[in-house]
Amino acid sequence: MGETPRLQLGVIGALALSVTSSVAIVICNKALMSNLGFPFATTLTSWHLMVTFCTLHVAQRFNVFETKVVDTKTVMLFGILNGVSIGLLNLSLGFNSIGFYQMTKLAIIPFTVLLETLFLKKQFSQNIKFSLSLLLLGVGIASITDLQLNLVGSIISLLAIATTCVGQILTNTIQKRLNVSSTQLLYQSAPFQAGILFVSGPLVDQCLTKQNVFAYKYSPFVLAFIILSCVISVSVNFSTFLVIGKTSPVTYQVLGHLKTCLVLGFGYTLLHDPFTNRNIIGILVAMFGMGLYSYFCTHENKKKQINDLSISQIKETTPFLGNKNMGHQDMEEVKKPNKDSLV
């Protein structure tokens with residue numbers, strides 16, 4: 001029983017770290033791109049991942065965490081998939097209006113729910129679905145302004161949604177099935193993510209901005225903000241894997257929309273961005289939906305823990321009955337090979 005409060009504190013800490021670092025990096029990158037005129041988002045992301053890997057490599061050398069060998073094919077495909085999803089999301093923003101891009105991000109939650117229901121047989125209660133619908137409605141009201149459709153942009157958005165959903169589901173599945181920590185998985189997959197973005201990033205950015213990242217004139221201010229962004233990104237990347245591993249891909253997406261609301265609020269407060277009654281109403285509806293989602297998740301988790309405890313107590317009091325019913329299943333589990341691979 002003592003591990004449950006400790007687990008809850010770990011989840012709260014991971015959520016707080018994710019929100020704080022994500023809002024910080026959005027503000028930093030907004031200043032870098034909007035105020036200082038550095039538009040190369042995909043290339044910047046590859047630098048983020050390279051710095052993250054180097055930081056984790058130094059930490060591993062000092063025995064801050066232990067490495068665990070995972071099947072190379074699994075890690076490679078996982079890293080490449082995540083790298084591709086980042087590039088596709090950036091391309092989606094370039095080929096679509098801001099409103100359609102926000103719709104793309106909102107669509108990730110229902111697609112994730114659909115994929116987990118179909119392929120992982122995960123059940124979502126009506127209360128959870130209602131709270132998610134309320135959350136998406138609120139974020140849509142607050143952030144979506146225009147919806148302009150085009151064929152190429154729509155195809156890119158669909159691919160971005162698919163790769164993002166699968167990548168985040170795999171982040172959770174690999175950690176739990178292969179018993180790998182968030183740090184270990186990030187350490188092994190970051191080089192592959194950074195590699196594919198390092199190669200494709202300048203091409204994607206040139207396609208979107210019509211500028212060459214290697215021809216850009218880097219002032220001391222720009223370099224300082226790039227370094228700051230890379231430092232913050234270590235916390236962002238680590239907390240992303242941590243949150244998805246400790247909770248679920250859907251909860252991580254809910255957290256992402258909380259960040260959107262906070263960024264809108266910070267943009268109005270600190271950067272004096274335009275703010276309307278529609279933004280305020282949308283943020284309030286979204287916050288209410290997040291509150292309901294948090295309440296329903298906590299309530300259902302407590303109910304599940306009580307049921308699991310009751311089942312374990314029944315098994316302890318009737319060992320012969322438990323062995324009789326589960327003996328054949330246990331033997332089948334023993335016969336299954338244990339491989340550190342999901343591919």
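Residue numbering note: each chain is counted from 1, following its sequence as written. Reporting in this predicted model follows two pLDDT cut-offs: at least 70 for local features of residues, and 80 or more for side-chain atom pairs to be given and counted; totals over whole chains, interfaces and linings ignore these cut-offs and use all residues. Here the side-chain values reflect all heavy atoms present in the structure, with hydrogen atoms and water set aside.

Now for unusual backbone geometry. Located in the positive-phi region is asparagine 63, a residue other than glycine, with phi close to 60 degrees. Numbering of helices and strands starts at the N terminus; helices are DSSP runs of H or I of at least 4 residues and strands are runs of E of at least 2. Structurally, asparagine 63 is set in the loop between α2 (41-61) and α3 (72-95). Since its relative accessible area comes to 67%, asparagine 63 is described here as exposed. Positive phi is not limited to glycine here, since asparagine 179 has a value of about 55 degrees. Mapped onto the elements of the fold, asparagine 179 is located in the loop between α6 (151-177) and α7 (182-209). Think of it in three bands: residues with accessible area under 20% of the maximum for their type are buried, residues over 50% are exposed, and the middle band is partly exposed, with areas taken using a 1.4 Å probe on protein chains only. For asparagine 179, a relative accessible area of 60% translates into the label exposed.

Take the packing of helix α4 (residues 98-119) against α6 next. Only the contacting stretch of a helix is used when fitting its axis, a line to C-alpha atoms as for every element, and angles between N-to-C directions run 0 to 180 degrees. Between α4 and α6, whose axes approach to 9 Å, the crossing angle comes to 45 degrees. Comparing the axis directions of α4 and α6 gives the class oblique. Read as a crossing pair, α4 and α6 show a hand that is right-handed. Within the contact between the two elements, α4 uses Phe100, Thr104, Ala107, Ile108, Phe111, Thr112, Leu115 and Glu116 and α6 uses Gly153, Ser154, Ser157, Ile161, Thr164, Cys165, Val166, Gln168 and Ile169. Throughout this description, any angle smaller than 35 degrees is read as roughly parallel, any larger than 145 degrees as roughly antiparallel, any in the 65 to 115 degree range as roughly perpendicular, and the remainder as oblique. Here a crossing is called left-handed whenever its near helix is offset anticlockwise from the far helix by less than a right angle, and right-handed whenever the offset is clockwise. We call two residues contacting when some pair of their heavy atoms lies within 4.5 Å.

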